[in-house]
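Residues per chain, in single letters:
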Amino acid sequence: MVIIRYQYHDLKSCSLRSFFHEPYGRAVDLYYPFKTLRRGVGIVGSCDGLVCIYYYEKLVDNFYIWNPSTRESHILPSFGEGANFGFSYGFGYDSSNDDYKVIRVAFAKGPLKVKVYSLKTDSWSRIGGFPSNLIMFRPMESSKLVNGSIHWSATNLNNNSCVIIALDLGEETYREIPKPDFGKFGKECSLLSVRALRGCLCAVCEYAFSFDMWVMNEYGRKE
C-alpha cells in the first residue's frame, strides 16, 4: 500500500496492485486517527509496517505512530514548541537498542535544533553536534532510513555544494556519506535528494529536463 498526502489535511492510499493491473493507480480514502478533525497532516515515514504521522494543532506539530493493519495508534508526548519555522522529520528502527525513534529537525536562526523520540522510554531528548556549516536542502522532505541511519540531503554553506548527511539511530551521531562522482559523466548535479531502494541508499540528481538515480550498492563506499 502506498500512502499519499492529499492536499493539506488528508491522506489517501493506493494499492500497488492497481499500478500493475489497472490503467492507472486508484487512490481511495484512508481512515486514520484524527481524520475527522481535518488537521494539517503529513507522513514522517514508515518502518516494519508502522507509519509515523505528524499533524498540526494550534501551530504546534504533534506525532503519532500508527499500525494500519491493527488500527492501533500511539500519540507521542508533545513538547509544546510553536511551528513558526521549517521542519524535517525522520522515523526508523534502532536495532542496537530494540527501539523505534522519531527525529525532528527544526530550522530557526542559529544552529539546527535536533530532537529524538524513543518509543521505549516514551520521551524526547536533544541531540547536539549537527554540523554548523550545513543546512537542510529540502526542509519539508522526510528523511530516508538505510542501514540503521536516517539520511538527508543538505547544503554545505562553505562552498555551496550538495552533501548527504546521516544520523546513526543507535549512536545518535552524524556522518557525511560520500556522494557519486558526477563530474566524470560530464554534468554536475543541480538538485540532490535521497531515496531508499531494496535496502540501498539512493541519490537522485535532478537537472533541467531529466534526472539520474544513483544506487550505493555497498553502504558507505563511494564506488
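Above this text you will find the structure in question.
Position labels on residues start from 1 in each chain and follow its written sequence. For a predicted model such as this one, the threshold for reporting local features is a pLDDT of at least 70, and the threshold for listing and counting side-chain atom pairs is 80 or more; totals across whole chains, interfaces and linings nevertheless cover every residue. As a convention, hydrogens and water are excluded, and side-chain values are obtained from all of the structure's heavy atoms.

Enquirer: Run through the overall build of the chain, naming residues and quoting values.
Expert: The numbering of helices and of strands both runs from the N terminus, where a helix is a DSSP run of H or I of at least 4 residues and a strand a run of E of at least 2. A count of helices and strands for the chain gives one helix and 19 strands. Summary of the burial criterion: residues with accessible area below 20% of their type's maximum are buried, those above 50% are exposed, and those between are partly exposed, where the area comes from a 1.4 Å probe applied to protein chains only. Across the 223 residues in the chain, those meeting the buried criterion constitute 43%. Considering only residue pairs separated by 6 or more positions, the chain has 38% of its internal contacts joining residues 24 or more positions apart. Within the structure as shown, the chain displays about 12400 Å² of accessible surface, and the carbon and sulfur contribution to it stands at 51%. Note on definitions: a residue-residue contact is assigned when non-hydrogen atoms from the two residues lie within 4.5 Å. Accessible areas in this description were obtained via Shrake-Rupley with a 1.4 Å probe; residue shielding takes into account the shown protein chains only.

Enquirer: Describe in detail the sheet that holds strand β10 (residues 113–118), supporting the description with residues and values.
Expert: Here, a strand pair is defined by DSSP locating no fewer than two bridges between the strands. Taken in spatial order, the four strands line up as β8-β9-β10-β11 in an open sheet, and their pairing is antiparallel. Across the chains shown, the open sheet's two edge strands, defined by having one partner strand only, are β8 (87–94) and β11 (123–127). For this sheet, the mean inter-axis angle between neighbouring strands, taken without regard to orientation, is 25°. Where β8 and strand β9 (residues 99–106) come together, eight bridges link them in antiparallel fashion. Within β9, the residue paired with Phe87 across the bridge is Ala106. Angles run from 0 to 180 degrees between N-to-C directions of axes, and those axes are lines fitted to C-alpha atoms, restricted for helices to the stretch in contact.

Enquirer: Quick one: what's the story with the pattern of salt bridges, residue by residue and with numbers?
Expert: The working definition used for a salt bridge is a side-chain nitrogen of Lys or Arg within 4 Å of a carboxyl oxygen of Asp or Glu. Overall, the coordinates contain six salt bridges when judged by the stated rule. The shortest N-O distance in the salt bridge between Glu218 and Arg221 comes to 3.6 Å. With a relative accessible area of 45%, Arg221 lands in the partly exposed category. Measuring nitrogen to oxygen at the nearest pair gives 3.9 Å for the salt bridge that ties Arg221 to Glu223. Connected via shared salt-bridge partners are Asp94, Lys101 and Glu172.

Enquirer: Quick rundown of the sheet that holds strand β17 (residues 191–197)? Include the residues and the values.
Expert: Pairing within the open sheet is antiparallel, and its three strands lie in the order β17-β18-β19. Two strands lie at the open edges of the sheet, namely β17 and β19 (211–216), each paired on one side alone. Between one strand and the next, the sheet's axes are offset by a mean angle of 25°, whatever the strand orientation. As judged from the seven bridges shared by β17 and strand β18 (residues 200–206), these two strands associate in the antiparallel manner. Bridge pairing in β18 links Leu192 to Cys205.

Enquirer: An account of unusual backbone geometry is requested, with residue identities and associated values reported.
Expert: In this structure, Arg71 takes a positive phi of about 65° despite not being glycine. Despite not being glycine, Asp98 has its phi angle at roughly 50°, a positive value. With respect to the element layout, Asp98 can be found in the loop between β8 and β9. A relative accessible area of 52% places Asp98 in the exposed class.

Enquirer: Break down the side chain of Ser149 for me, citing the residues and quoting the values.
Expert: Tracing the backbone through its elements, the reader meets Ser149 in strand β14 (residues 149–156). Among the residues examined, Ser149 registers a relative accessible area of 4% and is labelled buried. Among all residues touching Ser149, those that are not within four sequence positions of it are Lys144, Ala166, Leu167, Asp168, Leu169 and Tyr219.

Enquirer: Any chance you could break down a nonpolar patch on the surface for me, citing the residues and the numbers?
Expert: A contiguous nonpolar surface patch, about 370 Å² in accessible area, is contributed by Leu197, Phe211, Met213 and Val215. Per-element accounting of the nonpolar patch gives the leading share, three residues, to β19. Here Phe211 shows up in strand β19. Phe211 sits in the exposed class, given a relative accessible area of 55%. Surface patches are defined over residues having more than 30% relative accessible area and no salt bridge, joining like charges when they lie within 9 Å and nonpolar side chains (Val, Leu, Ile, Met, Phe, Trp, Tyr) when within 5 Å.

Enquirer: Summarise the pairing of β11; cite the residues concerned and give the values.
Expert: On a regular strand, each side chain points to the face opposite its neighbour's, so the side chains alternate between the two faces of the sheet. Taken together, the five bridges between β10 and β11 define a ladder with antiparallel strand orientation. Residue pairing in the sheet places Tyr117 in a bridge with Trp124 of β11. Between β10 and the antiparallel strand that follows it, β11, lie four residues; Asp122 among them carries a positive phi value of about 55°.

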